[in-house]
Amino acid sequence: MAKIVLKEKLSDTVYKMKLDAPSIAEERAAGQFIILQIDEDLGERIPLTIADADINEGTITIIFQVVGMTTDELSKLNEGDDIPVLVGPLGTPTHIKKHGTIVCVGGGIGVAPLHPIAEAFKAAGNDVKIIIGARNKDLIIMEEEMRKIADELIICTDDGSYGRKALVTEPLKELCERDPKPDMVIAIGPPIMMKFCAETTRPYEVYTEVSLNTIMVDGTGMCGGCRVNVGGEVKFVCVDGPEFDGHKVDFDNMMARLNSYKEIEQDKHTCYIDSMYEEKKL
Amino acid sequence: MSYQSPDILSANAKKILNDYIHNVENLKAKDRLKIPVQDMPAQDPIVRGHNLEEVAIGYTMEEARVEALRCLECVKQTCIDGCPVKIDIPGFIKHIAYGEFQNAVDVIKEASLLPSICGRVCPQETQCQENCKVGIALKDVDKSVAIGRLERFVADWEREQGNVKIPHVKPETGKKVAIIGSGPAGLVVAADVRREGHSVTIFEAFHKLGGVMRYGIPEFRLPNDIVDEEIDTLVKMGVEIKKNYVVGRTRKLNDLIEKDGFDAVFIGTGAGLPMFMGIEGENLVGVFSANEYLTRANLMRAFDKKNADTPIYPSKIVAVLGGGNVAMDAARMALRLGAEKVYVIYRRTEVEMPARKEEVAHAKEEGIEFNFLTNAKKILGNEKGKVNAMECLRYELGEPDSSGRRRPVVIEGSEFIIDVDTVIVAIGNGSNPLIKQTTPNLETNKWGNIIVDENQKSSMDRVFAGGDIVLGAATVILAMGEGRKAAAAINDMLAKEIAG
């Protein structure tokens, strides 16, 4: 059980919550996630990445977008309410070391889990360039936090309402064309965005890490629901990941699997970002 | 085995008991051998295919006493040799024959703490009942004394009386023991260690307790209420429980000892990563591990389609790959969730199937179709990446392999296609990787199973392990057997420390 100690609405559909979870705060590292349930008996388990943690306060921060039944119910909870099931930190932490120049690309709420990773890479002595993208100005989050870390910050929106009117792949391509090219790219966001980031960097042979958020039940390496095809091998996102080499991930299969239950899910929320990127692609 | 209604079975038993009751003392072995084995009363197969209630209803008092009369009270008690926890089987059965049910339970509980669970899920036909002289005399293991059914009967009887005895706990010793995982191994260690007066904390990764007995074995085979009651007993004994706590992630195993002051740790984290066939199409939408399918249905209550948030895949035609208990559970669960047709695909024959015989019989009665000497070659999908068929191969039995079982050999050119929309893979599990990943000084074998000595002690000081994390995929009773040994070793170690 974890108490909500702070709730903030970042945009129409995006919320930030601080949860009282001292043991998770103490153990977590960049790249890890939690699983939560809104109802202990009948709730579903959803994974959410940890955006931040404060060991002294004993809190962790999650940032989520309302895309389905559980995130909708979560958004209706308030400060002082308890989340009945919270478990973590799960997943293998990001391998942080000095590479040189790192481009961090965050799409939509993918910026939230990207923040602690960018911060850690910066602290390890890397030159950190950050690209933030969203559908519109309203959906741009954590701009100030990212600005503090970034050696170079590029913001783009799809409708041009803020920053450059572009998809994140555009500035990413430009950075890859610079000499010297980046040593590494890490991209976190909707699957379709990560797929195209990987496609963008592939010709430049820049190692590109992506953080996958698949369907999970237990999150501890028991159910196998989170499996993805990485370089022809079956990998489990919850224990082998969540971060993988984006050039090796079979995104199309992963996206099909993410939609396994779409037809039977009763809620009518659509994932705006997904649908928007799909439109652009088509 | 053909289905007979509980009423008929009960009436038959009453009649037999009347015939013998006045002459129990003088029954000779040949008289006992003439008494017919008492079938397990079960819900009607057609009705139960649409509900989640327990299939096996359990013996009536008369059925239990008649079945108990079949025991020959052998001098050489080979049945006990077959029991991983060495229950005094003839001892408790004799009490049942005389209607002394409480005494029977007391005898069982000297050796086994969870008889209502073991009576339901133990593979008796390859353990105690395989060695039963009645079955041997009648040349049919199915005609052995139904030891498991009797065990279940008295355990249920005690619970229905409403006064399950809480085991006595010795005065507090001040020693602390951590148990990782609340499955069968962990629960047994918790009880045995707590009885000696040590403080016990169980760490469970899930939001509900019981491990595989909760997420894996379905309600229709092992009702949750029974698992709850066993856990309730532990709580009444003073065992502390921490749910949603993943040792290895929420806290490192080393920290439990070094920072939190635990004097001993038992690792009972169970089976881990599900195995897949490694065939084409296995990542298509509609392919599940049995672990995932059963966890959704059981733990996450997806069978309650109206109320549960966790969805379950809407299946019409299901193929289950494998021949163990998990395969049976998955097949029968799929039926109950609304599948119109369920196939079990197994590459050997029925004789080699590792599943409990009763489960196979029940599955057949319910209309599950078994395809022996068959295996999946590849899974086919439509343009949306969803399963729509499976290509299979026929096999024949060849020469015996190292396990002594005849090896299945592919019949070349025997490919055929069946229409399915769901494939459930139930071919076993690897080991859970979490503790190993985060505890570098813990020795494991090449499959990731923890290496232990004859007392279940691992390579690490004060750290013991048992159950599937040591054995690979095994059974509830074998896990309990290992738990017993580990608890004895932990109690020994702590007693020596206290004595100084």
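Just so you know, these numbers come straight off a predicted model, no measurement behind them. (Residues numbered from 1 in each chain as written. Chains lettered and ligands numbered in written order. Predicted model: local features only at pLDDT ≥ 70, side-chain atom pairs only at ≥ 80, totals over all residues. Heavy atoms only, no water.)

A. Main features of the interface of chain B and chain A. Counting residues at the interface gives 47 residues for chain B and 45 residues for chain A. Looking at the side of chain B facing chain A, the largest losses of area belong to Arg249, Asn283 and Asp309 of chain B, adding up to 20% of the total buried there. Inspection of the chain B/chain A interface yields 5 salt bridges. Here chain B and chain A share 18 residue pairs in polar contact (both at pLDDT 80 or more) between them. Among the secondary structure elements, those contributing two or more residues to the side of chain B that touches chain A are β5 (271-274), β6 (287-289), α15 (290-297) and α18 (434-438) of chain B. (Contact = heavy atoms within 4.5 Å. Buried area = accessible area lost by both parts, 1.4 Å probe. Salt bridge = Lys/Arg side-chain N within 4 Å of Asp/Glu carboxyl O. Polar contact = N/O pair within 3.5 Å; in protein donor to acceptor, adjacent residues only side chain to side chain. Helix = DSSP H or I, 4+ residues; strand = E, 2+ residues; numbered from the N terminus.)

B. Geometry of the domain arrangement of chain A. Residue and element names in this part refer to chain A. When the domains of chain A are assigned, the result is domain 1 (2-90), domain 2 (92-211) and domain 3 (213-261). Each of domain 1 and domain 3 has a C-alpha centre, and these two points are 22 Å apart. Of the residues lining the interface, 6 residues belong to domain 1; the matching set on domain 3 comes to 10 residues. With both chains or domains summed, domain 1 and domain 3 bury close to 650 Å², and 58% of this area falls on carbon and sulfur atoms. (Domains from an automatic or database assignment.)

C. A look at the domain arrangement of chain B. All names here are of chain B. One can read the domain layout of chain B as domain 1 (6-160), domain 2 (176-272 + 430-499) and domain 3 (276-427). On a C-alpha basis, the centres of domain 1 and domain 3 stand 32 Å from each other. Across the boundary between the two partners, domain 1 contributes 19 residues, which contact 13 residues of domain 3. Of the roughly 1200 Å² buried at the junction of domain 1 and domain 3 (both faces included), carbon and sulfur atoms supply 48%. It is Arg48, Leu52 and Glu125 that lose the most area in domain 1 upon contact with domain 3, and together they represent 39% of the buried surface on that side. The tally of links between domain 1 and domain 3 comes to 4 salt bridges. One salt bridge in this structure joins Asp142 and Lys357, with 3.1 Å as the shortest N-O distance. Where domain 1 touches domain 3, the interface holds 11 residue pairs in polar contact (both at pLDDT 80 or more). Counting only elements with at least two residues in the side of domain 1 that touches domain 3, the list comes to α3 (45-48) and α8 (115-121).

D. Broad picture of the environment of Val247 of chain B. All names here are of chain B. Tracing the backbone through its elements, the reader meets Val247 in the loop between β3 (240-242) and α14 (253-258). Considered as a pair, Val247 and Ile179 are 68 residues apart in the sequence and their alpha carbons are 9.8 Å apart. Those residues within four positions of Val247 in sequence are excluded, and the remaining contacts are Ile180, Phe203, Lys252, Leu253, Leu256 and Ile435.

E. Here's a closer look at helix α1 (residues 6-20) of chain B. All names here are of chain B. For α1, which comprises 15 residues, the first-to-last C-alpha distance of 21 Å matches the rise-based estimate of 21 Å (1.5 Å per residue) to within 8%. Listed in full, the buried residues belonging to α1 are Leu9, Ser10, Ala13, Ile16 and Leu17. Mapping the buried residues of α1 onto a view down its axis gives an arc of 130°, with all of them on the same face. Of the residues in α1, the exposed ones pointing more than 90 degrees away from the buried face are Asp7, Lys15, Asn18 and Asp19. (Expected span 1.5 Å × (residues − 1). Buried < 20%, exposed > 50% of the residue type's maximum accessible area, 1.4 Å probe, protein only. Arc of directions from axis to C-beta.)

F. Molecular detail of the pattern of salt bridges. Residue and element names in this part refer to chain B. Summed over all chains, the structure comprises 57 salt bridges over all chains. For Glu292, the salt bridge goes to Arg296, with nearest N and O atoms at 3.0 Å. You can see Glu292 and its partner Arg296 sitting in helix α15, 4 residues apart, about one turn around the helix. Note on Arg296: relative accessible area 3%, which makes it buried. Each of Arg48, Arg221, Asp329, Arg332, Arg336, Arg356, Glu359, Glu365 and Glu366 takes part in a single network of salt bridges with overlapping partners.

G. The arrangement of the pairing of strand β3 (residues 33-37) of chain A in detail. Residues and elements named next belong to chain A. For β3, the buried fraction is high: 5 of the 5 residues fall into the buried class. The two faces of β3 match: Phe33, Ile35 and Gln37 on one face and Ile34 and Leu36 on the other face are all buried. Two strands pair when backbone bridges link them, and β3 and strand β4 (residues 46-54) are joined in this way by 4 bridges, in the antiparallel orientation. From the neighbouring strand, Ile34 faces β4, where its bridge partner is Leu48. One ladder, built from 4 bridges, connects β3 with strand β7 (residues 85-90); its direction is antiparallel. Residue pairing for β7: Ile35 is matched across the bridge by Val87. (Pairing = 2+ DSSP bridges.)

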